[in-house]
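Take a look at the letters that make up each chain.
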Amino acid sequence: MSEKKCPLNREQLEELTKEYPTPFHLYDEAAIRANARALKAAFAWNPGFKEYFAVKATPNPYIMKILKSEGFGSDCSSYPEMLLSESIGVTGEDVIFTSNDTPAYEYAKAKELGAIINLDDISHIEYLEKEIGLPELICCRYNPGALKGGNAIIGHPEEAKYGFTREQLFDGYRMLRDKGVKRFGLHTMVASNELDAKYFIETAHLLFDLVKELSAELGIEFEFVNLGGGIGIPYKPEDKPVDLTVVGEGIRELYEKAGFTSLDVRLECGRMVTGPFGWLVGRVLHKKNTYKQFVGLDACMVDLMRPAMYGAYHHITVPGKEGAAHDVVCDVTGSLCENNDKFAIDRALPEMEIGDLVVIHDTGAHGHSMGFNYNAKLRSAELLLREDGSVLQIRRPETVEDYFATLDFQGLKSFNT
Ligand SMILES: Cc1ncc(COP(=O)(O)O)c(C=O)c1O
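Everything numeric in this text was worked out from a predicted model, so none of it was measured. (Residues numbered from 1 in each chain as written. Predicted model: local features only at pLDDT ≥ 70, side-chain atom pairs only at ≥ 80, totals over all residues.)

## Topic: the overall build of the protein
When helices and strands are counted, the protein shows 13 helices and 17 strands. Over its C-alpha trace the protein gives a radius of gyration of 23 Å, about what one expects of a compact globule, namely 22 Å for 417 residues. Seen along its three principal axes, the alpha-carbon backbone of the protein occupies a region of about 70 × 65 × 45 Å. Sorting the 417 residues of the protein into buried and exposed places 41% on the buried side. Across the protein, the fraction of contacts at a sequence separation of at least 24, relative to all contacts at a separation of at least 6, is 69%. (Helix = DSSP H or I, 4+ residues; strand = E, 2+ residues; numbered from the N terminus. Rg over C-alpha atoms; globule rule 2.2 N^0.38 Å. Buried ≥ 20, exposed ≤ 12 C-beta atoms within 10 Å, placed from the backbone. Contact = placed C-beta atoms within 7 Å.)

Structure, rendered in structure tokens:
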């Protein structure tokens, strides 16, 4: 069982909080870079391999710029995510626009950027053609339905709102071919937080077979398959990380067996790229004993909603008390008027005192980015631990002014009731 560590110890965190009060998310640049290199190494056998970082996981341009320097592109799902990508100079086919229920202005932005458009539905072919015209290169998202099992986060593929059915793919690519589209990619995204390496190898198998069938039937050539994201991370200390070499080598074997030579393998992972390298740091604000014991933090569900949304496990440590007996069973809560605002339920932790620092692990992806403002709570800062040990604030905390920015208090004066 691996011990979960934060790169800064209690003294270092206490020092940091003099400048940046809790709560904040802290990211580790060196660890993000090392992991990015391990992912690339696992697919080095495929010269066209590219990871398009799923911007939704951590939509911070500083993090994205680090990933750009490691050769990653962007997987964008909305207009603002495309603007973020543009802001760091990731444009053209280094961007894949994987969206659903998409408004025309978002497709227009994708076209302006020269991004690869990944269609979610067969009806979007005509929509795209009518609204902005068809690009030369297009990708379609496959939903394999019952052919592939899902999981609690992403659901079963046949229940999921995403993608084309198998039959629709044949019709869709035929339509695209007949309308003059020349270049093609195939995409799927069927897993979320999956820890079994075999799952991704099977997904590649599914897409490789489909590429062969589509090519044979329609006489079109595919430039790439995008296996989506979904590589899981070990949220629990007893979880084992996905062995990327096993995934890469398993896919290589299938690739070679299928006789591909120029097909590029692409991924659009988010969680495994930044997830384990982020920590939400807060402090104990109150302790409460009623029918059970509660430890209330200065952070809440607006800073990390995964536990409340999915019942997801996030490991918690108390800096300076790592070695202490974990003999207090408590709920670790935030301050929202929602009883599911709990980072942990019935968790055995060391005895905590008011003012203790608390570290919630694995918040580097789908953490800050899932934040919201219910109860008029303000979202926390994001800090980056640089490779030289310095710390840079890469997003300041929200202020009351940010929260009120969309309200017109001047207009309120002449609003008669
Ligand atoms: C289309 C698409 N691609 C990629 C991702 C990234 O997934 P993960 O962060 O689990 O790798 C998601 C996550 O929601 C997604 O919906």
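## Topic: the sheet that holds strand β8 (residues 222-226)
The eight strands are arranged β2-β3-β4-β5-β6-β7-β8-β9 in a closed barrel whose pairing can be described as parallel. Geometrically, the sheet is characterised by an average inter-axis angle of 25 degrees between neighbouring strands, direction not taken into account. Relative to strand β6 (residues 137-142), strand β5 (residues 116-119) runs parallel, the two being bridged by three bridges. Directly across from Asn118, in β6, lies its bridge partner Cys139. In this fold helix α7 (residues 166-178) packs onto β6 and β7 (183-188), with an angle of close to 170 degrees to the strand it touches most, β6. (Pairing = 2+ DSSP bridges. Axes fitted to C-alpha atoms, helices over the stretch in contact; angles between N-to-C directions.)

## Quick look at the site of the ligand
Around the ligand there are 16 residues in total, and Ala54, Gly229, Cys269, Gly270 and Arg271 lie nearest to it. A class-by-class count of the residues in the shell around the ligand yields six nonpolar, seven polar and three charged. (Near = placed C-beta within 6 Å. Nonpolar A, V, L, I, M, F, W, Y, C, P; charged D, E, K, R; others polar.)

## Digging into the domain arrangement of the protein
When the domains of the protein are assigned, the result is domain 1 (29-275) and domain 2 (276-404). Of all the secondary structure elements, the ones that give two or more residues to the side of domain 1 that touches domain 2 are α2 (29-42) and α10 (271-274). Grouping the amino acids of the side of domain 1 that touches domain 2 by side-chain chemistry returns 12 nonpolar, six polar and four charged. (Domains from an automatic or database assignment.)

## Considering the nonpolar core
By size, the foremost hydrophobic cluster in this structure holds 101 residues, and its most contacted members are Val95, Phe97, Ala115, Ile117 and Val225. Examining the composition of this core, we find that nine residues originate from one element, helix α8 (residues 197-218), more than from any other. When sequence neighbours within four positions are dropped, the list of residues in contact with Phe97 reads Cys76, Met82, Ala110, Ala115, Ile116, Ile117 and Asn118. (Core = buried A, V, L, I, M, F, W, Y, C linked by C-beta atoms within 7 Å.)

## A few points about helix α5 (residues 104-113)
What sets the pattern is the α-helix's 3.6 residues per turn: residues three or four places apart point alike. Buried within α5 we find Glu106, Tyr107, Lys109, Ala110 and Leu113. All buried residues of α5 lie within an arc of 160 degrees about the axis, which places them on one face of the element. Turned more than 90 degrees away from the buried face of α5, the exposed residues are Ala104, Tyr105 and Glu112. Contact partners of the buried residues in α5: α4 (79-87), β4 (95-98), β5 and α6 (123-131). (Arc of directions from axis to C-beta.)

## A few points about helix α9 (residues 244-257)
Across its 14 residues, α9 extends 20 Å between first and last C-alpha, which sits within 8% of the 20 Å expected from 1.5 Å per residue. All buried positions along α9 are accounted for by Val247, Gly248 and Ile251. Taken end-on, α9 shows its buried residues confined to a sector of 90 degrees, consistent with a single buried face. Residues of α9 that are exposed and point more than 90 degrees away from the buried face comprise Glu253, Glu256 and Lys257. Of the surrounding elements, those touching the buried residues of α9 are α2, α8 and β9 (264-267). (Expected span 1.5 Å × (residues − 1).)

## Description of the pairing of strand β13 (residues 328-333)
Relative to β13, strand β11 (residues 293-297) is paired through three bridges, and the arrangement is parallel. Its bridge partner being in β13, Gly296 is matched across the sheet by Thr333.

## A look at the packing of α4 against α5
How two helices pack is summed up by the angle between their axes together with the distance between the axes. As a packed pair, α4 and α5 sit with axes 9 Å apart at the nearest point and diverge in direction by 20 degrees. Taken together, α4 and α5 sit at an angle that is classed as roughly parallel. The interaxial crossing formed by α4 with α5 has left-handed handedness. Facing Tyr79, Met82 and Glu86 of α4, the residues of α5 in contact are Tyr105, Glu106, Lys109, Ala110 and Leu113. Of the residues in the contact of α4 with α5, the class split is five nonpolar, no polar and three charged. (Parallel < 35°, antiparallel > 145°, perpendicular 65-115°, else oblique. Left-handed = near helix turned anticlockwise from the far one by under 90°.)

## Comments concerning the packing of α2 against α9
At a minimum axis distance of 8 Å, the contact between α2 and α9 shows a crossing angle of 25 degrees. One finds that α2 runs roughly parallel with respect to α9. In the crossing of α2 with α9, the sense of the turn from one axis to the other is right-handed. Between α2 and α9, the contacting residues are Ala38, Leu39 and Ala42 on the first element and Leu244, Thr245, Val247 and Gly248 on the second. For the contact of α2 with α9, the class distribution of residues is five nonpolar, two polar and no charged.

## As for the environment of Asn46
Considering the arrangement of structural elements, one finds Asn46 in the loop between α2 and β2 (50-54). On the basis of neighbour counts, which here come to 19 C-beta atoms within 10 Å, the residue Asn46 falls in the partly exposed class. The spacing of Asn46 and Asn339 is 293 residues in sequence and 49 Å in space, taken between C-alpha atoms. Excluding residues within four positions of it along the chain, Asn46 makes contact with Asp264 and Val265.

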